[in-house]
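So you can see what is in the structure, the chains are spelled out below.
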Amino acid sequence: MVSVMQPFMDVESSRSYIDELYSLDPQKCLEAIICLKNSVIGSNRQKGSVIAQGVVPRLLQLLGDSSNRIGDNIRLEAAVTLGSLAKGTDQHVLALIDLGVVPLLFQVLLSTPVSEIPLEGKPKVTDLLNEACLRCLRTVFQHPAAPVHSIYQDPALVPRLVSLASQSVTCQICVATILTTTCKTVEEQNALCKGGAVEILVTQIDSPLYDVLLSALACLANMCYKNQRACAKVMSVTTTNTPEGKFVPIALGPLMGREKSSSIQLEAARCITYMHRVGILSYKDPRVIYRALPCLVRLCHSDYPPRERVIAAETLAFLTEVNTELQRLASISNHLIPTLAELLRPHPQIQDATLAQDMRQAAFRAFASLGANDEDIRKRIIETESLMEQVVAGLQDPGGSHVRLAAVRCLHSLSRSVQQLRTTFQDHAVWRPLMQLLHGADKGLEGRGESEVDLLTVASSTLCNLLLEFSPSKEPILESGGIELLCSLTKRSTPALRLNGIWALMNVAFQAEQQVKLQILQCLGTDQIFSDGNRAKDNIMANEDVLKKLMSYMMHHNVKLQVAAVFCVCNLVWREEPGAAQRQTRLKELGFYRILQELRHSKDLQLFDKVRTAIAQFYDA
């Protein structure tokens, strides 16, 4: 038999202690498993050899044996060895997953007793066993193929993991990391809240230990993302149960300071961002406007690791997406626009192609948010050196639809500028790659992923802007088969695509020559016109963003846009159409009728005539 103290031996050259793993003598089995553990530490070749020889099922059998026959020490060493194997290659982790390591770890964690000991107390073997299982589970759950959702199959599992977090510092880190990987949907966020995760995580953000703090912040951020209920729960808990305990936003404020590590700053800023976006914190809150915003802007700079820059830019895009004041502040902070532009340029030192794509995607998303509402910001973005060339290249990015989608969102945001539609957009012929993207719709959307449908939807929205009457791109789009393409969109099963197709055709028909209108009629057919007309009204009325945009166009400084918007309103309220009364009531509630009354004083005769016609359609006008 191989001695426990014997130096490292190649598993392939000697099966002596491998054979002893199956011994009925607990001591021999223990010594063999310790030798096996020592042989695989730090060696992926040894890990692969052990897995290939079929040793893992025996390790799983030993770990799962809760009888007194083998003892907890053997189970502990089996868990530690499995944890070491899990730190090997992707193939090693997949082998463990396929052999059922995850459900077994769950079973052991649920059944192993927990000692009532303070963190600094001396742990029992059972406590070490729980800790080893948590370490192994944490490592396995980092793999994208890990069955992380299975943690919710047993309702007792999340509360059990939460209770284990108080056993040691390692347990705190492992539990928070495990929960982070399993928190991706609203249902999962709510399940963690119900299981007591918020209370244990909030107590950890007062920890002086970096790893404990970082793992707790990352999990809290994931729980708060687009979940008002989870954010409210986090807001209601203090860092300790004593009167000195701080509420979470107060505790997060100092964590976004420059003196903290960039990882801590980033996770704290994510938490604040998500609390703001669900309405828990106002944009005027000091933690939002004076802490999170400048922190995220700062972390976009090249001084920080590329992956952190990506997350910072993505989070900044989300923070500023709907708030004009935050967009304005971010755009003038710390040279943000050229910093984001730098993310789009080639980085030869970055060999990871996925990371390079993520950098471009994050920059495009941030530009899309910054330029959503303000003309001056759009102008500064577009005037950034080679920016439009990067956007056009992004529309044709071969790396994946996620980069193309971010690029077209950026283009859609910039296309709201009348001046740029007339100049820069025409100079770069951005309509060409847009048409190429949209021609994919003619091949049908069956089998496409959600991102592909989103891509076509945003691209068609952008094309709507390029088809406005004053846009020089309108003519070449029509010459390139634009009408046929748009008519095909009106027949798609996706409501947003149909709506955009109808909207774009309306822009095409506005003040168009008779030949163009006839072409639209022939392409659509009368049956399609009447059928899509009713459905289009329903889609428009159900889309809050479209209604808000229509209202903004009614108040736009460009009279032609105002005329087009009022023309849309007139069609929506036309009293001879089915459902007109309900649409009129809804539009009155939103303030459309009030704006029409104000527009009666316009000196533009065409606008005045359209406004008068629209007002006359209201039943109680």
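Here is what the cut-offs are and how they apply
Residues numbered from 1 in each chain as written. Predicted model: local features only at pLDDT ≥ 70, side-chain atom pairs only at ≥ 80, totals over all residues. Heavy atoms only, no water. Helix = DSSP H or I, 4+ residues; strand = E, 2+ residues; numbered from the N terminus. Buried < 20%, exposed > 50% of the residue type's maximum accessible area, 1.4 Å probe, protein only. Contact = heavy atoms within 4.5 Å. Arc of directions from axis to C-beta. Polar contact = N/O pair within 3.5 Å; in protein donor to acceptor, adjacent residues only side chain to side chain. Domains from an automatic or database assignment. UniProt positions renumbered as here; feature names shortened; annotations may be inferred.

Where an unreviewed UniProt entry is consulted, the chain appears under the name Armadillo repeat-containing protein 8, with the organism given as Habropoda laboriosa.

(A) Structural context of the overall build of the chain. A count of helical and extended segments in the chain gives 38 helices and zero strands. Across the 621 residues in the chain, those meeting the buried criterion constitute 56%. Considering only intrachain contacts with a sequence separation of at least 6, the fraction spanning at least 24 residues in the chain is 69%.

(B) Structural context of helix α34 (residues 544–554). Of the residues making up α34, those classed as buried are V546, L547, L550, M551, Y553 and M554. Taken down its axis, α34 places every buried residue within 160 degrees of arc, on the same side. Exposed residues on α34 whose side chains face more than 90 degrees from its buried face are D545 and K548. Where α34 begins, the side chain of N543 points an oxygen toward the backbone nitrogen of V546, at a separation of 3.1 Å.

(C) How the structure looks around the domain arrangement of the chain. Entries for the chain in the domain assignment read domain 1 (11–115 + 122–147) and domain 2 (533–617). With centres defined by C-alpha atoms, the gap from domain 1 to domain 2 works out at 68 Å.

(D) How the structure looks around unusual backbone geometry. Positive phi, close to 50 degrees, is recorded for N334, a residue that is not glycine. Considering the arrangement of structural elements, one finds N334 in the loop between α19 (324–331) and α20 (336–344). For N334, a relative accessible area of 36% gives the class partly exposed. Not every positive phi belongs to a glycine, and H335 is a case in point at roughly 55 degrees. Mapped onto the secondary structure, H335 falls in the loop between α19 and α20. Classification of H335 by relative accessible area gives exposed; the value is 62%.

(E) Summary view of the UniProt feature "repeat: HEAT" (unreviewed entry) in the chain. Under the present numbering, the feature "repeat: HEAT" (unreviewed entry) in UniProt falls on residues 55–95. As a span, residues 55–95 carries 71% helix and 0% strand, and end to end its C-alpha atoms are 12 Å apart.

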